[in-house]
Amino acid sequence: MTIRTALSWMSEWRPHVLVGLVIGVSFAANVLARDSQSPAAQELAIVGARMYPSPDAAPVEDSVVVIEDGRIVRVGTRSNTPVSPGVHLIDARGAVLTAGFWNNHIHLMTPDQLDAATGKAEKLQASLEAMLTRWGFTTVFDIASSTDNALALRRRINSGEIAGPTILTVGDPFFPKDGTPIYVREFFAAHGWPSDEVATPEEAAARAAHQLDRGTDGVKLFAGAIVGGKAGVLPMRLDIAKALVAEAHRRGKPAFAHPSNLAGLNVAIESGVDVLAHTTAMDGGGVPGGWSKELISRLRKHNMALIPTMSLFEVEAHRTGESPDDLAQAIAMITTEVKNYAAAGGQILFGTDVGYTDAFDTTEEYRLMSAALDWRKILDSLTTAPAARFGFATRKGAIAKGMDADLVLLNADPAQDPTAFARVRDTIRGGRVIWGRDLN
Ligand SMILES: [Zn+2]
């Protein structure tokens, strides 16, 4: 087992009653144009790997990928793909090459990441390595943190000062009035962060517009906020949720949600949210055994994407001392939900909720996902699915001429064992090795 304990700075998290949400529109691919590219890397060729260019493609043995100015310029095999003399070579014989991975549910909120504007570059980079780049993530979606902090970190990465992934962020989330979740209250107080609650559609839309104008990439609403006590879960007013989603969609950006229960899920669906940030192990449409057929077809109809965050359920069970039987039951339920949703054509996006938890090692997530999805579907959730969902299909998610040179070299083949997705040898973003053995 690779589970680690959850961070102590949040308490009372109850992910087994949470559902997160994503958007059903096609997003403009312009979001990263201004700042996604690392400073120009040298010409580079990766030679000799078994390559999986995309989840559907046949493997290419003894492959060659040639990179210039951060883009892939030639792809083929050693026998048909020339490499000019003097090009920097990575000898990748024995390794497996895929497109760079996306983690679509993270929070840039670990203690070492909170002073992104002024903190030491080495410390910030080390925290990104431990949490993200060491696990092959070349693009991440931060779905709730601080707008100021996330944008500051992104600027320092994109300037080349800090080696890190492409950062997409929703910045500050939106809570219902009196609905700051119980597990973040202490954290907000301790760090002197202002309230993220919104009381009216006008107030919500104005803050969303302000954040998006500053360069955030979507919105995150707590359609059902876990407030504890008698209220339990406080749903967001539908008119407020609709105002938030409309503001994001107007700019071609996605809306994510934590529904938490059926009432919150209804708010998410009715308001047009795009991505569910978690699956649920309780209250899955009011059906004790998990999501009903009706709920699945409703989510499908609204083109919702689902981020399973399966290992999070284990992290929380360990933290709260849940019995092994209860945990086994919960895992069986979420496995069935993920499997059924994917089988119904629902889009699955990889995500682990790191930054809220310190379970950075992705091995367990792949092990759990492999009970619901085959390895190609897992690769899709890591690459092509998020690239398509968030409007980057022409730039990211596959290995092809003209695409960004975001790549992962693995020490083992996920076709044999899906946990091989966690056995990362090198993480390459924009043609630059940002973590691994071939760092130079
Ligand atoms: Zn989260």
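So, a few notes on the structure that sits alongside this text. Numbering of residues begins from 1 in every chain and follows the order in which that chain's sequence is written. Residues qualify for local features only when their pLDDT is at least 70, as the model is predicted, and side-chain atom pairs are given and counted only at 80 or more; totals for whole chains, interfaces and linings, by contrast, use all residues.

Remarks on the packing of helix H4 (residues 201-214) against helix H5 (residues 238-250)
- The interhelical angle for the contact between H4 and H5, taken along N-to-C directions, is 25°, at an axis separation of 8 Å. Between H4 and H5, the angle is such that the two are roughly parallel. Crossing geometry of H4 relative to H5 is assigned as right-handed. Across the interface between the two elements, Pro201, Ala204, Ala205, Ala208, Ala209 and Leu212 from H4 touch Asp239, Ile240, Ala243, Leu244, Glu247 and Ala248 from H5.
- Nonpolar residues are Ala, Val, Leu, Ile, Met, Phe, Trp, Tyr, Cys and Pro. Charged residues are Asp, Glu, Lys and Arg, and all others, Gly as well, are polar. Here the contact of H4 with H5 is composed, by residue class, of 10 nonpolar, no polar and 2 charged. Angular values range over 0 to 180 degrees, each being the angle between N-to-C directions of two axes fitted as lines to C-alpha atoms, with helices fitted over their stretch in contact. Helix and strand definitions here come from DSSP, where helices need a minimum of 4 consecutive H or I residues and strands a minimum of 2 consecutive E residues; each element is numbered from the N-terminal end. Put simply, angles under 35 degrees are roughly parallel, angles over 145 are roughly antiparallel, angles from 65 to 115 are roughly perpendicular, and the rest are oblique. Note on convention: near helix rotated counterclockwise from far helix by under a right angle means a left-handed crossing. Clockwise means right-handed. Residues are treated as contacting if the C-beta atoms built from their backbones sit within 7 Å of each other.

Re unusual backbone geometry
- One non-glycine residue, Asn303, lies in the positive phi region at around 55°.
- Mapped onto the elements, Asn303 comes out in the loop between helix H7 (293-301) and strand S18 (305-306).
- In this structure, Thr309 takes a positive phi of about 40° despite not being glycine.
- For Thr309, the position within the fold is in the loop between S18 and helix H8 (310-320).

With respect to the sheet that holds strand S5 (residues 71-77)
- In space, the 4 strands of this open sheet follow the order S5-S4-S2-S6, with mixed pairing throughout. Pairing within the sheet leaves two strands with one partner each, and these edge strands are S5 and strand S6 (88-91). For this sheet, the mean angle separating the axes of adjacent strands, direction not counted, is 15°.
- By the bridge criterion, 4 bridges tie strand S2 (residues 44-47) to strand S4 (residues 63-68) in an arrangement that is antiparallel. Residue pairing across strands places Ile46 opposite Val65, the latter belonging to S4. Should DSSP find at least two bridges between two strands, the strands are taken to pair.

Side note on helix H2 (residues 147-158)
- The length a helix should cover is 1.5 Å for every residue beyond the first. The end-to-end C-alpha distance of H2, which contains 12 residues, comes to 16 Å, matching closely the 16 Å that a straight helix rising 1.5 Å per residue would cover.
- Put plainly, a residue is buried at 20 or more neighbouring C-beta atoms within 10 Å of its own, exposed at 12 or fewer, and partly exposed in between, counting only other residues' C-beta atoms, which are placed from the backbone. All of the buried residues in H2 are Asn149, Ala150, Leu151, Leu153, Arg154, Ile157 and Asn158.
- As for H2, its buried residues are in contact with helix H1 (121-131), strand S9 (137-142), strand S10 (166-169) and H4.
- Once H2 finishes, Gly160 follows within two positions and takes phi at roughly 95°, a positive value.

Observations concerning the sheet that holds strand S8 (residues 101-106)
- Spatial strand order, S8-S9-S10: 3 strands in an open sheet with parallel pairing. Taken across any chain shown, the strands that pair with only one partner, and hence form the sheet edges, are S8 and S10. The average angle at which neighbouring strand axes cross in this sheet is 20°, direction not considered.
- In the sheet, S8 pairs with S9 via 4 bridges, with the strands oriented parallel. Within S9, the position partnered with Phe101 by the bridge is Phe137.
- Along the sheet face, H2 touches S9 and S10 and points at about 160° away from the line of S10.

Observations regarding the environment of Ser297
- Checked against the element boundaries, Ser297 lands in helix H7.
- Classification of Ser297 by C-beta neighbours within 10 Å gives exposed; the count is 12.
- Remark: the alpha-carbon pair of Ser297 and Gly346, spanning 49 residues in sequence, is separated by 9.2 Å.

Observations regarding the pairing of strand S7 (residues 96-99)
- Where strand S3 (residues 50-51) and S7 come together, 2 bridges link them in parallel fashion. Residue pairing for S7: Arg50 is matched across the bridge by Val96.
- Note: S7 against strand S20 (residues 407-410), 4 bridges, orientation antiparallel. Opposite Val96, over in S20, you have Leu410 as the bridge partner.

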